Amino acid sequence: MYDYSKYENATPKQLVYALSLAEKRAEKLNLQLKENEELFKFLQKKLKSSFSTKKVKKRERKIPELDEAIEDYKNGNVETYKNFKEYKKAMDVL
């Protein structure tokens, strides 16, 4: 809130100066308001478009090597070893 009592005994020159300051302050606030509204609209559009873009579900992702390994596992094409030493020996050969 403004203290209007300080303007009760002001000279016309002081009143004109105070009025010009108030106008400048109002212009500045209006500019900030306009910029804020533009930012608000931009962010709303950006958020809306992010929800409307088609997302790929995890189950729909394709990784050829992984898909091939999963199919091999399902078909029983899996190498098995009795222990880690046998596994290590087989991997060293590759």
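Anything mentioned here points back to the structure above.
The rules we used
Residues numbered from 1 in each chain as written. Predicted model: local features only at pLDDT ≥ 70, side-chain atom pairs only at ≥ 80, totals over all residues. Heavy atoms only, no water. Helix = DSSP H or I, 4+ residues; strand = E, 2+ residues; numbered from the N terminus. Buried < 20%, exposed > 50% of the residue type's maximum accessible area, 1.4 Å probe, protein only. Areas by Shrake-Rupley, 256 points an atom, 1.4 Å probe, with all protein chains shown as cover. Lys, Arg positive; Asp, Glu negative; His and termini not counted. Charge placed at Lys NZ, Arg CZ, Asp CG, Glu CD. Patch = residues over 30% accessible without salt bridge, like charges linked within 9 Å, V, L, I, M, F, W, Y side chains within 5 Å. Salt bridge = Lys/Arg side-chain N within 4 Å of Asp/Glu carboxyl O.

Visitor: A description of the overall build of the chain should follow, citing residues and the corresponding values.
Guide: Each helix and strand in the chain was counted, giving three helices and zero strands. With respect to the principal axes defined by its C-alpha atoms, the chain has extents near 100 × 30 × 20 Å. For the chain, with 94 residues in total, the buried portion stands at 2%. Of the roughly 10100 Å² of accessible surface on the chain, a fraction of 58% belongs to carbon and sulfur atoms. Counting 22 positive and 16 negative side-chain charges, the chain places the centres of these two groups 2 Å from one another.

Visitor: Quick one: what's the story with a nonpolar patch on the surface, residue by residue and with numbers?
Guide: Nonpolar side chains collect at one region of the surface, where Y2, Y4, Y7 and L15 lie side by side and expose about 450 Å² of accessible area between them. Tracing the backbone shows L15 in helix α1 (residues 12-52). For L15, a relative accessible area of 39% puts it in the partly exposed group.

Visitor: Describe the environment of L43, naming the residues involved and giving the relevant values.
Guide: Structurally, L43 can be placed in helix α1. Spatially, the C-alpha atom of L43 lies 43 Å from that of K6, the residues being 37 residues apart in sequence.

Visitor: Before we move on, could you go through a negative patch on the surface and cite the residues and values that matter?
Guide: Taken together, E65, D67, E68 and E71 make up a surface patch of like negative charges. Here E68 lies in helix α2 (residues 64-74).

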